[in-house]
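# Examination of the molecular architecture
The primary structure of each chain is shown beneath.
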Amino acid sequence: MKDHTLIVGDIHGCFDELMMLLEKADYNPSKHELIFIGDLINKGPYSFKTLKFAYENKIQCVIGNHELKFIHFIEKGLELPPKLNQLKLEMGSDLKKWLEYMKSWPTFIEKEDFLVVHAGLVPEKHPSQSHIVQLVNIRHWENGKMCSQNTGRPWHDYYKAEKLVIYGHWARQGVLKKNNSLCLDSGCVYGRQLTGVFFPSQTLVQVPSLQPKVF
């Protein structure tokens, strides 16, 4: 069966790298479904450009913790960090439109053979049974709750289901396939790579980051 879906890890405003990846993957919107794994914005240089690309091309996106943070800060009238404040300024009078757009993104996308979520799954629960804060933030789990890496185990240590879970959010862990889960966050915004995966072949596509190397 030919690959019909391309799923791309955390972009974080690295628009140029995204264009490089889509070119390398020979992405064709008439042949391929495209899914972004969340965290399109913040940290990198072109958050608004990335967001506009997703909107104008009707790309499927799951919400990430940085979109959720942006929405929360705006709605609560909190002071935004510099990169998110710049995004707000670029949105201008269309701020409400862009907030509603990001709020429309689902917390997960489930297909017949795989499931996409930003950060991961609460052990022994379908994502529909979990809170959005868990789905966009989870890395470690212990004693029935999220925890730091010093006190818990990676959520995917507990995952036993047959459906492949594709997620991001974990740049320091990097690309990892374990227990039928696949992490696509390869730290592009930290100077490493941007990663995508084709489905059903599960072929990885990577391009080098253009950002300064942090780790």
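The sections below set out a description of the structure shown in this document. All values derive from a computational prediction rather than experimental measurement. (Residues numbered from 1 in each chain as written. Predicted model: local features only at pLDDT ≥ 70, side-chain atom pairs only at ≥ 80, totals over all residues. Heavy atoms only, no water.)

## Focus on the pattern of salt bridges
Enumeration according to the criterion identifies six salt bridges in this entry. Among the salt bridges present, the one from Glu100 reaches Lys103, with a minimum N-O distance of 3.6 Å. With a gap of three residues between them, Glu100 and Lys103 both fall in helix 5 (residues 95-103), about one helical turn apart. The shortest N-O distance in the salt bridge between Asp157 and Arg153 comes to 3.7 Å. With a relative accessible area of 16%, Asp157 lands in the buried category. Through salt bridges that share partners, Glu75, Glu100 and Lys103 make up one connected network. (Salt bridge = Lys/Arg side-chain N within 4 Å of Asp/Glu carboxyl O. Helix = DSSP H or I, 4+ residues; strand = E, 2+ residues; numbered from the N terminus. Buried < 20%, exposed > 50% of the residue type's maximum accessible area, 1.4 Å probe, protein only.)

## Considerations on unusual backbone geometry
Between Phe199 and Pro200 the backbone carries a cis peptide bond, its omega angle lying at 15°. Locating Pro200 in the fold gives a position in the loop between strand 12 (193-199) and strand 13 (204-208). Although it is not a glycine, Asp26 sits at a positive phi angle of roughly 55°. Along the chain, the position of Asp26 falls in the loop between helix 1 (15-24) and strand 2 (33-36).

## Overview of the sheet that holds strand 12
Strands sit in the order 3-2-1-12-13 across an open sheet of five strands; the sheet is mixed. Each edge of the sheet is formed by a strand with only one pairing partner; in this case those strands are strand 3 (60-61) and strand 13. The pairing of strand 1 (residues 5-8) with strand 2 spans four bridges and is classified as parallel. When the sheet's bridge partners are listed, Leu6 is paired in strand 2 with Leu34. (Pairing = 2+ DSSP bridges.)

## Examining helix 2 (residues 47-56)
Residues Ser47, Phe48, Thr50, Leu51, Phe53 and Ala54 constitute the buried set of helix 2. As for helix 2, its buried residues are in contact with helix 1, strand 2, strand 3, helix 4 (82-91) and helix 5. Note on helix 2: the residue one or two positions beyond its end, Lys58, has a positive phi of about 55°. (Contact = heavy atoms within 4.5 Å.)

## Side note on the nonpolar core
Among the nonpolar cores identified, the biggest contains 44 residues, and Leu6, Val8, Phe36, Phe70 and Met91 are the most heavily contacted of them. Apart from residues lying up to four places away in sequence, Val8 is in contact with Leu18, Leu21, Leu34, Ile35, Phe36, Ile37, Leu184, Leu194, Thr195 and Gly196. Phe108, Leu115, Val117 and Tyr159 belong to the second largest nonpolar core, which has 15 residues in total. (Core = buried A, V, L, I, M, F, W, Y, C linked by side-chain atoms within 4.5 Å.)

## What about the sheet that holds strand 5 (residues 114-117)?
What the five strands build is an open sheet, ordered 4-5-9-11-10; its pairing is mixed. Only two strands of the sheet have a single neighbouring strand rather than two, namely strand 4 (108-110) and strand 10 (176-178). Each adjacent strand pair in this sheet contributes to an overall mean axis angle of 15°, direction not counted. In the sheet, strand 5 pairs with strand 9 (residues 164-167) via three bridges, with the strands oriented parallel. Across the sheet, Leu115 pairs through a bridge with Val165, a residue of strand 9. (Axes fitted to C-alpha atoms, helices over the stretch in contact; angles between N-to-C directions.)

Function cannot be inferred from these measures alone, as they are strictly geometric.
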